[in-house]
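Chain by chain, the residues run as shown.
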Amino acid sequence: MSGHILELHQVRKHFRNFTLSDINFTLPKGYIMGLVGPNGAGKSTTIKSIMNTVDIDSGSIRVLGKDTKKNEAAVKSTIGYVSDTCIFGDTWTVKNVAFLMKHIHPSWNSTTFNDYVKEFELPWNKPLKDFSRGMKLKLMLAAALSRDTSFLLLDEPTGGLDPVMRDRFLQLMQQYVEGGEHSILFSTHITTDLEKIADYITFIHGGNMIFTGETEELRSSFCLIKGSDRELKELKAEPVGIRRSSFGFEALMRTEHIRSLPHTVVVEAPTLDDIVVFHTLGNKESSLL
Amino acid sequence: MNAIKNCLLVDLMSVMSKKSLLLFVALLLFYTYLQSGPIMIILPFMFAFFPFVNEDKGVTALYFSPSGKKDVVRARYLYCMLLLLATLLISAVAVPVMTAVTDKDLQLMNPSEYLFLFAAFTTMMAILLPFYFKYGYAKCQYSMIAVVFGVGILGMTIRKIPWLSKALQHLATLDQTLVSEIAAGAAAVMLLVSLAVSTSIVVKKDI
(Lines give C-alpha, C1' and ligand atoms only; values in the text may rest on other atoms or scores of the structure.)
Protein backbone atom coordinates (compact mmCIF):
# COMPACT_ATOMS: atom_id res chain seq x y z
CA MET A 1 0.00 0.00 0.00
CA SER A 2 1.23 3.52 -0.80
CA GLY A 3 1.85 6.14 1.87
CA HIS A 4 -1.23 7.98 0.72
CA ILE A 5 -4.43 8.16 2.69
CA LEU A 6 -6.39 9.48 -0.27
CA GLU A 7 -5.93 9.08 -4.02
CA LEU A 8 -8.21 10.59 -6.66
CA HIS A 9 -7.53 9.57 -10.23
CA GLN A 10 -9.24 11.16 -13.25
CA VAL A 11 -12.46 11.73 -11.31
CA ARG A 12 -15.27 13.03 -13.47
CA LYS A 13 -18.89 13.84 -12.68
CA HIS A 14 -21.30 15.49 -15.06
CA PHE A 15 -24.41 17.37 -13.92
CA ARG A 16 -26.83 19.25 -16.16
CA ASN A 17 -25.10 22.62 -15.69
CA PHE A 18 -21.77 21.64 -14.27
CA THR A 19 -18.98 19.16 -14.84
CA LEU A 20 -16.28 18.18 -12.42
CA SER A 21 -13.54 17.01 -14.72
CA ASP A 22 -10.33 15.08 -14.35
CA ILE A 23 -9.65 15.66 -10.68
CA ASN A 24 -6.34 14.10 -9.72
CA PHE A 25 -4.67 14.48 -6.37
CA THR A 26 -3.16 12.48 -3.55
CA LEU A 27 -2.95 13.19 0.16
CA PRO A 28 -0.05 11.63 2.08
CA LYS A 29 -0.41 10.29 5.62
CA GLY A 30 0.15 12.80 8.37
CA TYR A 31 -0.73 15.93 6.43
CA ILE A 32 -3.54 18.44 6.06
CA MET A 33 -4.81 19.39 2.63
CA GLY A 34 -7.01 22.42 1.96
CA LEU A 35 -9.52 22.26 -0.85
CA VAL A 36 -10.12 25.78 -2.09
CA GLY A 37 -12.12 27.44 -4.82
CA PRO A 38 -15.02 29.86 -5.24
CA ASN A 39 -18.67 28.89 -4.73
CA GLY A 40 -19.78 26.28 -7.24
CA ALA A 41 -16.20 25.27 -8.04
CA GLY A 42 -16.82 21.61 -7.21
CA LYS A 43 -15.37 21.34 -3.70
CA SER A 44 -18.45 19.78 -2.11
CA THR A 45 -18.95 17.50 -5.12
CA THR A 46 -15.37 16.30 -4.70
CA ILE A 47 -15.91 15.64 -0.99
CA LYS A 48 -19.23 13.90 -1.59
CA SER A 49 -17.59 11.78 -4.29
CA ILE A 50 -15.07 10.60 -1.71
CA MET A 51 -17.96 9.67 0.61
CA ASN A 52 -19.66 7.97 -2.39
CA THR A 53 -22.81 10.00 -1.84
CA VAL A 54 -22.18 11.39 -5.33
CA ASP A 55 -21.86 8.65 -7.93
CA ILE A 56 -18.89 9.54 -10.15
CA ASP A 57 -19.12 8.89 -13.89
CA SER A 58 -15.51 7.82 -14.31
CA GLY A 59 -12.19 7.69 -12.52
CA SER A 60 -11.37 6.13 -9.20
CA ILE A 61 -11.11 7.18 -5.57
CA ARG A 62 -9.10 5.22 -3.03
CA VAL A 63 -8.94 5.68 0.71
CA LEU A 64 -6.10 3.78 2.39
CA GLY A 65 -5.71 1.88 -0.88
CA LYS A 66 -9.35 0.74 -0.97
CA ASP A 67 -11.71 1.70 -3.76
CA THR A 68 -14.53 3.76 -2.22
CA LYS A 69 -17.21 2.22 -4.45
CA LYS A 70 -16.22 -1.39 -3.93
CA ASN A 71 -15.51 -1.09 -0.19
CA GLU A 72 -18.02 1.60 0.73
CA ALA A 73 -18.81 0.52 4.29
CA ALA A 74 -15.19 -0.30 5.19
CA VAL A 75 -13.96 3.02 3.79
CA LYS A 76 -16.64 5.04 5.59
CA SER A 77 -15.69 3.45 8.89
CA THR A 78 -12.23 5.01 8.55
CA ILE A 79 -13.50 8.50 7.72
CA GLY A 80 -14.71 11.15 10.13
CA TYR A 81 -17.03 13.48 8.24
CA VAL A 82 -18.08 17.01 9.18
CA SER A 83 -20.20 19.11 6.84
CA ASP A 84 -21.60 22.62 6.94
CA THR A 85 -25.13 21.22 7.23
CA CYS A 86 -26.20 18.99 10.10
CA ILE A 87 -26.63 15.35 9.11
CA PHE A 88 -28.58 14.49 12.28
CA GLY A 89 -32.32 14.80 12.89
CA ASP A 90 -33.77 18.07 14.16
CA THR A 91 -35.66 16.31 16.93
CA TRP A 92 -32.61 14.37 18.11
CA THR A 93 -30.64 15.43 21.16
CA VAL A 94 -26.92 15.09 21.92
CA LYS A 95 -27.92 12.03 23.96
CA ASN A 96 -29.57 10.48 20.86
CA VAL A 97 -26.48 11.20 18.75
CA ALA A 98 -24.25 9.56 21.39
CA PHE A 99 -26.59 6.54 21.49
CA LEU A 100 -26.53 6.19 17.70
CA MET A 101 -22.76 6.62 17.36
CA LYS A 102 -22.07 4.14 20.14
CA HIS A 103 -24.09 1.50 18.30
CA ILE A 104 -22.89 2.07 14.75
CA HIS A 105 -19.17 2.70 15.33
CA PRO A 106 -17.29 -0.12 17.09
CA SER A 107 -14.40 2.26 17.86
CA TRP A 108 -16.66 4.86 19.51
CA ASN A 109 -15.18 6.36 22.67
CA SER A 110 -17.93 7.67 24.99
CA THR A 111 -15.46 9.28 27.40
CA THR A 112 -13.85 11.34 24.63
CA PHE A 113 -17.28 12.37 23.36
CA ASN A 114 -18.44 13.38 26.84
CA ASP A 115 -15.27 15.45 27.25
CA TYR A 116 -15.86 17.29 23.96
CA VAL A 117 -19.53 17.88 24.79
CA LYS A 118 -18.41 19.41 28.09
CA GLU A 119 -15.64 21.48 26.49
CA PHE A 120 -17.93 22.76 23.71
CA GLU A 121 -20.70 23.45 26.27
CA LEU A 122 -23.34 21.49 24.36
CA PRO A 123 -26.59 20.72 26.18
CA TRP A 124 -27.38 16.99 26.37
CA ASN A 125 -31.17 17.11 26.24
CA LYS A 126 -31.97 20.03 23.97
CA PRO A 127 -33.34 19.12 20.49
CA LEU A 128 -30.91 19.99 17.72
CA LYS A 129 -33.48 22.27 16.10
CA ASP A 130 -32.77 24.72 18.95
CA PHE A 131 -29.00 24.59 18.31
CA SER A 132 -27.19 27.39 16.48
CA ARG A 133 -25.21 26.52 13.34
CA GLY A 134 -22.00 26.74 15.35
CA MET A 135 -23.33 24.35 18.00
CA LYS A 136 -24.32 21.82 15.34
CA LEU A 137 -20.83 22.05 13.85
CA LYS A 138 -19.30 21.49 17.28
CA LEU A 139 -21.49 18.42 17.74
CA MET A 140 -20.48 16.94 14.39
CA LEU A 141 -16.85 17.67 15.16
CA ALA A 142 -17.13 16.02 18.59
CA ALA A 143 -18.75 12.98 16.94
CA ALA A 144 -16.03 12.78 14.27
CA LEU A 145 -13.20 13.07 16.81
CA SER A 146 -14.62 10.54 19.28
CA ARG A 147 -13.86 7.46 17.25
CA ASP A 148 -10.82 5.86 15.72
CA THR A 149 -10.54 7.24 12.19
CA SER A 150 -7.62 7.55 9.79
CA PHE A 151 -8.90 10.48 7.86
CA LEU A 152 -11.06 13.55 8.51
CA LEU A 153 -13.13 14.95 5.68
CA LEU A 154 -14.33 18.44 6.47
CA ASP A 155 -16.70 20.36 4.20
CA GLU A 156 -16.70 24.06 5.15
CA PRO A 157 -16.38 23.28 8.84
CA THR A 158 -15.37 26.68 10.18
CA GLY A 159 -18.08 28.87 8.64
CA GLY A 160 -20.35 28.97 11.69
CA LEU A 161 -17.66 29.09 14.36
CA ASP A 162 -16.66 32.14 16.41
CA PRO A 163 -12.96 33.17 16.34
CA VAL A 164 -12.18 31.47 19.68
CA MET A 165 -13.72 28.18 18.60
CA ARG A 166 -12.08 28.46 15.18
CA ASP A 167 -8.73 28.76 16.87
CA ARG A 168 -9.49 25.71 19.05
CA PHE A 169 -10.68 23.86 15.97
CA LEU A 170 -7.38 24.47 14.17
CA GLN A 171 -5.53 23.30 17.27
CA LEU A 172 -7.57 20.08 17.31
CA MET A 173 -6.81 19.50 13.64
CA GLN A 174 -3.09 19.84 14.27
CA GLN A 175 -3.32 17.42 17.20
CA TYR A 176 -5.18 14.94 14.98
CA VAL A 177 -2.35 14.69 12.43
CA GLU A 178 0.48 14.85 14.99
CA GLY A 179 1.25 11.12 15.07
CA GLY A 180 1.83 11.03 11.32
CA GLU A 181 -0.80 8.36 10.65
CA HIS A 182 -3.87 10.58 10.20
CA SER A 183 -4.71 13.07 7.47
CA ILE A 184 -7.31 15.78 6.86
CA LEU A 185 -8.97 17.10 3.72
CA PHE A 186 -10.59 20.38 4.54
CA SER A 187 -12.63 22.59 2.20
CA THR A 188 -13.17 26.18 3.22
CA HIS A 189 -13.74 29.71 2.04
CA ILE A 190 -11.76 31.07 4.97
CA THR A 191 -8.33 30.63 3.45
CA THR A 192 -6.60 32.34 6.40
CA ASP A 193 -7.39 29.14 8.35
CA LEU A 194 -5.64 27.10 5.68
CA GLU A 195 -2.60 29.36 5.65
CA LYS A 196 -2.17 28.48 9.33
CA ILE A 197 -2.43 24.70 9.05
CA ALA A 198 -2.57 23.31 5.50
CA ASP A 199 0.52 21.51 4.18
CA TYR A 200 -1.06 20.96 0.79
CA ILE A 201 -3.60 22.83 -1.29
CA THR A 202 -5.84 21.66 -4.09
CA PHE A 203 -7.42 24.51 -5.97
CA ILE A 204 -10.53 23.84 -8.05
CA HIS A 205 -12.25 26.37 -10.29
CA GLY A 206 -15.25 25.78 -12.55
CA GLY A 207 -14.99 22.03 -12.01
CA ASN A 208 -11.36 21.96 -13.18
CA MET A 209 -8.33 21.41 -11.03
CA ILE A 210 -6.04 24.43 -11.26
CA PHE A 211 -3.37 23.33 -8.84
CA THR A 212 -2.49 20.62 -6.37
CA GLY A 213 0.68 20.60 -4.32
CA GLU A 214 2.36 22.12 -1.31
CA THR A 215 0.89 25.34 0.03
CA GLU A 216 4.18 27.21 -0.30
CA GLU A 217 4.61 25.94 -3.85
CA LEU A 218 1.19 27.34 -4.76
CA ARG A 219 1.97 30.71 -3.22
CA SER A 220 5.36 30.88 -4.89
CA SER A 221 3.84 29.99 -8.28
CA PHE A 222 2.10 33.34 -8.37
CA CYS A 223 2.89 36.97 -7.60
CA LEU A 224 0.61 39.89 -7.00
CA ILE A 225 1.53 43.06 -8.88
CA LYS A 226 0.23 46.61 -8.44
CA GLY A 227 0.77 49.50 -10.77
CA SER A 228 -0.66 52.32 -12.86
CA ASP A 229 -2.71 52.10 -16.06
CA ARG A 230 0.41 52.93 -18.06
CA GLU A 231 2.26 49.98 -16.51
CA LEU A 232 -0.69 47.72 -17.23
CA LYS A 233 -0.30 48.51 -20.95
CA GLU A 234 3.36 47.52 -20.70
CA LEU A 235 2.57 44.00 -19.43
CA LYS A 236 3.89 41.45 -21.90
CA ALA A 237 2.42 38.35 -20.29
CA GLU A 238 -1.26 37.70 -19.72
CA PRO A 239 -2.30 38.05 -16.06
CA VAL A 240 -4.24 35.22 -14.41
CA GLY A 241 -6.67 37.75 -12.99
CA ILE A 242 -6.91 41.49 -12.92
CA ARG A 243 -8.75 44.17 -10.91
CA ARG A 244 -8.75 47.84 -11.84
CA SER A 245 -9.40 50.77 -9.55
CA SER A 246 -9.04 54.55 -9.65
CA PHE A 247 -5.45 54.09 -8.40
CA GLY A 248 -4.40 51.74 -11.19
CA PHE A 249 -4.56 47.97 -11.22
CA GLU A 250 -3.81 44.83 -9.25
CA ALA A 251 -3.10 41.58 -11.06
CA LEU A 252 -2.11 38.03 -10.29
CA MET A 253 0.73 36.81 -12.52
CA ARG A 254 2.52 33.52 -12.81
CA THR A 255 5.96 33.82 -11.18
CA GLU A 256 7.64 32.61 -14.38
CA HIS A 257 6.68 35.96 -15.95
CA ILE A 258 8.24 38.06 -13.20
CA ARG A 259 11.30 38.97 -15.28
CA SER A 260 9.18 40.43 -18.06
CA LEU A 261 7.35 42.83 -15.73
CA PRO A 262 8.02 46.57 -15.89
CA HIS A 263 10.56 47.45 -13.19
CA THR A 264 8.29 50.07 -11.68
CA VAL A 265 5.38 47.75 -10.66
CA VAL A 266 5.09 46.67 -7.03
CA VAL A 267 5.45 42.91 -6.62
CA GLU A 268 4.05 41.15 -3.55
CA ALA A 269 3.54 37.58 -2.41
CA PRO A 270 -0.14 36.71 -2.80
CA THR A 271 -2.29 35.24 -0.06
CA LEU A 272 -4.38 32.13 -0.80
CA ASP A 273 -7.36 34.47 -0.90
CA ASP A 274 -5.69 36.54 -3.64
CA ILE A 275 -5.02 33.42 -5.70
CA VAL A 276 -8.65 32.25 -5.44
CA VAL A 277 -10.13 35.70 -6.02
CA PHE A 278 -8.00 36.58 -9.05
CA HIS A 279 -8.55 33.20 -10.66
CA THR A 280 -12.27 33.78 -10.25
CA LEU A 281 -12.07 37.32 -11.65
CA GLY A 282 -10.05 36.14 -14.63
CA ASN A 283 -8.50 38.71 -16.94
CA LYS A 284 -11.80 40.41 -17.75
CA GLU A 285 -10.38 43.53 -16.11
CA SER A 286 -12.88 43.64 -13.25
CA SER A 287 -13.25 47.27 -12.29
CA LEU A 288 -13.64 49.01 -8.95
CA LEU A 289 -13.73 52.41 -10.62
CA MET B 1 -25.33 -7.65 8.24
CA ASN B 2 -23.78 -5.17 10.64
CA ALA B 3 -24.20 -2.39 8.08
CA ILE B 4 -27.90 -3.25 7.67
CA LYS B 5 -28.29 -3.21 11.45
CA ASN B 6 -26.72 0.28 11.52
CA CYS B 7 -29.11 1.53 8.86
CA LEU B 8 -32.09 -0.01 10.60
CA LEU B 9 -31.08 1.71 13.82
CA VAL B 10 -30.99 5.13 12.11
CA ASP B 11 -34.38 4.49 10.49
CA LEU B 12 -35.89 3.35 13.78
CA MET B 13 -34.53 6.49 15.45
CA SER B 14 -36.69 8.51 13.08
CA VAL B 15 -39.83 7.06 14.71
CA MET B 16 -38.46 6.48 18.18
CA SER B 17 -39.78 9.66 19.73
CA LYS B 18 -42.14 9.08 22.62
CA LYS B 19 -44.93 10.98 20.87
CA SER B 20 -44.89 8.90 17.69
CA LEU B 21 -44.70 5.62 19.58
CA LEU B 22 -47.61 6.60 21.82
CA LEU B 23 -49.59 7.62 18.74
CA PHE B 24 -48.80 4.28 17.09
CA VAL B 25 -49.91 2.19 20.06
CA ALA B 26 -52.98 4.36 20.83
CA LEU B 27 -54.23 4.15 17.24
CA LEU B 28 -53.59 0.44 17.12
CA LEU B 29 -55.58 -0.14 20.32
CA PHE B 30 -58.34 2.09 18.98
CA TYR B 31 -58.57 0.09 15.73
CA THR B 32 -58.48 -3.16 17.69
CA TYR B 33 -61.28 -1.94 19.94
CA LEU B 34 -63.36 -1.01 16.90
CA GLN B 35 -62.71 -4.54 15.67
CA SER B 36 -61.75 -3.08 12.33
CA GLY B 37 -58.78 -5.37 11.70
CA PRO B 38 -57.99 -4.56 8.06
CA ILE B 39 -58.12 -0.80 8.74
CA MET B 40 -55.16 -1.05 11.09
CA ILE B 41 -53.01 -1.62 7.99
CA ILE B 42 -53.03 2.18 7.71
CA LEU B 43 -50.62 2.32 10.66
CA PRO B 44 -47.51 0.81 9.10
CA PHE B 45 -48.19 2.98 6.04
CA MET B 46 -48.21 6.07 8.24
CA PHE B 47 -44.81 5.21 9.71
CA ALA B 48 -43.13 3.60 6.69
CA PHE B 49 -42.24 6.91 5.09
CA PHE B 50 -40.94 8.70 8.22
CA PRO B 51 -37.28 8.09 7.24
CA PHE B 52 -37.93 9.70 3.85
CA VAL B 53 -39.44 12.76 5.57
CA ASN B 54 -36.24 13.09 7.59
CA GLU B 55 -34.05 12.70 4.52
CA ASP B 56 -35.98 15.53 2.87
CA LYS B 57 -35.06 17.62 5.92
CA GLY B 58 -31.38 16.83 5.40
CA VAL B 59 -31.00 13.95 7.85
CA THR B 60 -28.38 12.04 5.92
CA ALA B 61 -26.50 10.48 8.85
CA LEU B 62 -27.19 7.11 7.28
CA TYR B 63 -25.25 7.84 4.12
CA PHE B 64 -22.21 8.95 6.13
CA SER B 65 -22.29 5.99 8.51
CA PRO B 66 -20.21 2.87 7.82
CA SER B 67 -22.78 1.36 5.47
CA GLY B 68 -23.11 1.05 1.74
CA LYS B 69 -25.95 2.55 -0.28
CA LYS B 70 -27.24 -0.98 -0.93
CA ASP B 71 -27.42 -1.56 2.83
CA VAL B 72 -29.52 1.59 3.21
CA VAL B 73 -32.08 0.23 0.72
CA ARG B 74 -32.18 -3.27 2.21
CA ALA B 75 -32.58 -1.84 5.71
CA ARG B 76 -35.42 0.47 4.58
CA TYR B 77 -37.35 -2.50 3.14
CA LEU B 78 -36.68 -4.47 6.30
CA TYR B 79 -37.85 -1.51 8.39
CA CYS B 80 -41.18 -1.45 6.49
CA MET B 81 -41.73 -5.16 6.97
CA LEU B 82 -40.85 -4.88 10.66
CA LEU B 83 -43.48 -2.16 11.01
CA LEU B 84 -46.07 -4.55 9.60
CA LEU B 85 -44.89 -7.33 11.87
CA ALA B 86 -45.04 -5.02 14.91
CA THR B 87 -48.58 -3.96 13.97
CA LEU B 88 -49.77 -7.54 13.62
CA LEU B 89 -48.03 -8.69 16.80
CA ILE B 90 -49.30 -5.81 18.96
CA SER B 91 -52.76 -6.38 17.55
CA ALA B 92 -52.61 -10.12 18.31
CA VAL B 93 -51.62 -9.35 21.90
CA ALA B 94 -54.09 -6.48 22.25
CA VAL B 95 -57.17 -8.53 21.27
CA PRO B 96 -57.15 -10.97 24.23
CA VAL B 97 -56.01 -8.22 26.63
CA MET B 98 -58.77 -5.85 25.56
CA THR B 99 -61.36 -8.62 25.61
CA ALA B 100 -60.39 -9.24 29.21
CA VAL B 101 -60.58 -5.59 30.30
CA THR B 102 -63.58 -4.46 28.23
CA ASP B 103 -67.07 -5.84 27.76
CA LYS B 104 -66.44 -6.48 24.05
CA ASP B 105 -65.78 -9.97 22.71
CA LEU B 106 -63.00 -9.16 20.27
CA GLN B 107 -61.97 -11.75 17.71
CA LEU B 108 -58.51 -12.42 16.33
CA MET B 109 -58.19 -12.38 12.55
CA ASN B 110 -57.78 -15.77 10.90
CA PRO B 111 -54.47 -16.70 9.19
CA SER B 112 -55.86 -15.99 5.70
CA GLU B 113 -56.81 -12.47 6.75
CA TYR B 114 -53.29 -11.93 8.06
CA LEU B 115 -51.88 -13.15 4.77
CA PHE B 116 -54.19 -10.83 2.79
CA LEU B 117 -53.04 -7.91 4.95
CA PHE B 118 -49.44 -8.91 4.30
CA ALA B 119 -50.11 -9.11 0.55
CA ALA B 120 -51.86 -5.70 0.47
CA PHE B 121 -49.16 -3.92 2.47
CA THR B 122 -46.27 -5.60 0.65
CA THR B 123 -47.72 -4.84 -2.79
CA MET B 124 -48.16 -1.16 -1.90
CA MET B 125 -44.62 -0.98 -0.53
CA ALA B 126 -43.25 -2.73 -3.61
CA ILE B 127 -44.91 -0.12 -5.84
CA LEU B 128 -44.20 2.96 -3.74
CA LEU B 129 -40.70 2.52 -2.31
CA PRO B 130 -38.78 2.89 -5.61
CA PHE B 131 -40.59 6.20 -6.18
CA TYR B 132 -39.72 7.43 -2.68
CA PHE B 133 -36.07 6.50 -3.20
CA LYS B 134 -36.02 8.24 -6.57
CA TYR B 135 -37.95 11.43 -5.80
CA GLY B 136 -38.00 11.80 -2.00
CA TYR B 137 -40.95 12.31 0.32
CA ALA B 138 -42.09 15.79 -0.77
CA LYS B 139 -42.68 14.74 -4.37
CA CYS B 140 -44.21 11.37 -3.47
CA GLN B 141 -46.48 12.18 -0.55
CA TYR B 142 -49.58 12.01 -2.72
CA SER B 143 -48.48 8.88 -4.58
CA MET B 144 -50.11 6.61 -2.00
CA ILE B 145 -53.47 8.32 -2.66
CA ALA B 146 -52.79 7.92 -6.39
CA VAL B 147 -52.17 4.19 -5.91
CA VAL B 148 -55.38 3.83 -3.84
CA PHE B 149 -57.35 5.64 -6.56
CA GLY B 150 -55.59 3.51 -9.17
CA VAL B 151 -56.65 0.33 -7.39
CA GLY B 152 -60.24 1.69 -7.17
CA ILE B 153 -60.32 2.51 -10.87
CA LEU B 154 -58.85 -0.90 -11.67
CA GLY B 155 -61.61 -2.53 -9.58
CA MET B 156 -64.31 -0.60 -11.41
CA THR B 157 -62.72 -1.46 -14.77
CA ILE B 158 -62.59 -5.16 -13.87
CA ARG B 159 -66.29 -5.09 -12.99
CA LYS B 160 -67.06 -3.77 -16.47
CA ILE B 161 -65.09 -6.50 -18.24
CA PRO B 162 -67.33 -9.59 -17.95
CA TRP B 163 -64.69 -12.32 -18.19
CA LEU B 164 -62.43 -10.60 -15.64
CA SER B 165 -65.35 -10.00 -13.31
CA LYS B 166 -66.33 -13.67 -13.58
CA ALA B 167 -62.77 -14.75 -12.87
CA LEU B 168 -62.75 -12.63 -9.71
CA GLN B 169 -66.06 -14.07 -8.58
CA HIS B 170 -64.65 -17.51 -9.17
CA LEU B 171 -61.63 -16.59 -7.09
CA ALA B 172 -63.96 -15.80 -4.18
CA THR B 173 -65.38 -19.33 -4.32
CA LEU B 174 -61.95 -20.96 -4.08
CA ASP B 175 -60.25 -22.03 -0.87
CA GLN B 176 -59.35 -18.68 0.69
CA THR B 177 -56.32 -20.10 2.46
CA LEU B 178 -54.83 -21.09 -0.88
CA VAL B 179 -55.75 -17.75 -2.49
CA SER B 180 -54.21 -15.80 0.39
CA GLU B 181 -51.04 -17.89 0.19
CA ILE B 182 -50.74 -17.27 -3.55
CA ALA B 183 -51.41 -13.54 -3.03
CA ALA B 184 -48.77 -13.34 -0.27
CA GLY B 185 -46.26 -15.23 -2.42
CA ALA B 186 -46.87 -12.98 -5.42
CA ALA B 187 -46.52 -9.90 -3.20
CA ALA B 188 -43.24 -11.20 -1.80
CA VAL B 189 -41.88 -11.68 -5.35
CA MET B 190 -42.99 -8.13 -6.23
CA LEU B 191 -41.15 -6.85 -3.16
CA LEU B 192 -37.93 -8.55 -4.25
CA VAL B 193 -38.20 -7.04 -7.73
CA SER B 194 -38.92 -3.67 -6.14
CA LEU B 195 -35.85 -4.04 -3.90
CA ALA B 196 -33.67 -4.60 -6.97
CA VAL B 197 -35.15 -1.53 -8.70
CA SER B 198 -34.68 0.67 -5.60
CA THR B 199 -31.09 -0.53 -5.19
CA SER B 200 -30.17 0.43 -8.73
CA ILE B 201 -31.84 3.84 -8.21
CA VAL B 202 -29.99 4.60 -4.96
CA VAL B 203 -26.57 3.39 -6.14
CA LYS B 204 -26.71 5.97 -8.97
CA LYS B 205 -28.35 8.67 -6.85
CA ASP B 206 -26.46 11.75 -5.68
CA ILE B 207 -27.28 12.59 -2.07
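(A) Representation of the interface of chain A and chain B. Listed as interface residues are 24 residues of chain A and, on the opposing side, 21 residues of chain B. Of the roughly 2,000 Å² buried between chain A and chain B, counting both surfaces, carbon and sulfur atoms make up 65%. Among the residues chain A hides against chain B, the three largest losses belong to Thr-53, Ile-87 and Ile-104 of chain A. Together they make up 28% of the total. One can count 1 salt bridge joining chain A with chain B. Across the contact surface, chain A and chain B share 5 residue pairs in polar contact (both at pLDDT 80 or more). At the level of secondary structure, the elements contributing two or more residues to the side of chain A that touches chain B comprise helix 2 (72-77) and helix 3 (94-104) of chain A. The leading source of residues in the side of chain A that touches chain B is helix 3 of chain A, at 5 residues. Looking at the side of chain A that touches chain B residue by residue, the classes come out as 12 nonpolar, 7 polar and 5 charged.

(B) Up close: the side chain of Ser-150 of chain A. Residues and elements named next belong to chain A. By the element assignment, Ser-150 lies in the loop between helix 5 (133-145) and strand 7 (151-155). With a relative accessible area of 19%, Ser-150 lands in the buried category. For Ser-150, the residues in contact, after removing those within four places along its chain, are Ile-5, Leu-64, Thr-78, Tyr-176, Glu-181, His-182 and Ser-183.

(C) Just the domain arrangement of chain A, in detail. All names here are of chain A. Assigned domains of chain A: these are domain 1 (4-214) and domain 2 (221-286). The C-alpha-based centres of domain 1 and domain 2 are spaced at 34 Å. Residue-level contacts link 12 residues of domain 1 with 8 residues of domain 2. Among the residues domain 1 hides against domain 2, the three largest losses belong to Thr-191, Glu-195 and Phe-203. Together they make up 47% of the total.

Rules used in this analysis
- Residues numbered from 1 in each chain as written.
- Chains lettered and ligands numbered in written order.
- Predicted model: local features only at pLDDT ≥ 70, side-chain atom pairs only at ≥ 80, totals over all residues.
- Heavy atoms only, no water.
- Contact = heavy atoms within 4.5 Å.
- Buried area = accessible area lost by both parts, 1.4 Å probe.
- Salt bridge = Lys/Arg side-chain N within 4 Å of Asp/Glu carboxyl O.
- Polar contact = N/O pair within 3.5 Å; in protein donor to acceptor, adjacent residues only side chain to side chain.
- Helix = DSSP H or I, 4+ residues; strand = E, 2+ residues; numbered from the N terminus.
- Nonpolar A, V, L, I, M, F, W, Y, C, P; charged D, E, K, R; others polar.
- Buried < 20%, exposed > 50% of the residue type's maximum accessible area, 1.4 Å probe, protein only.
- Domains from an automatic or database assignment.

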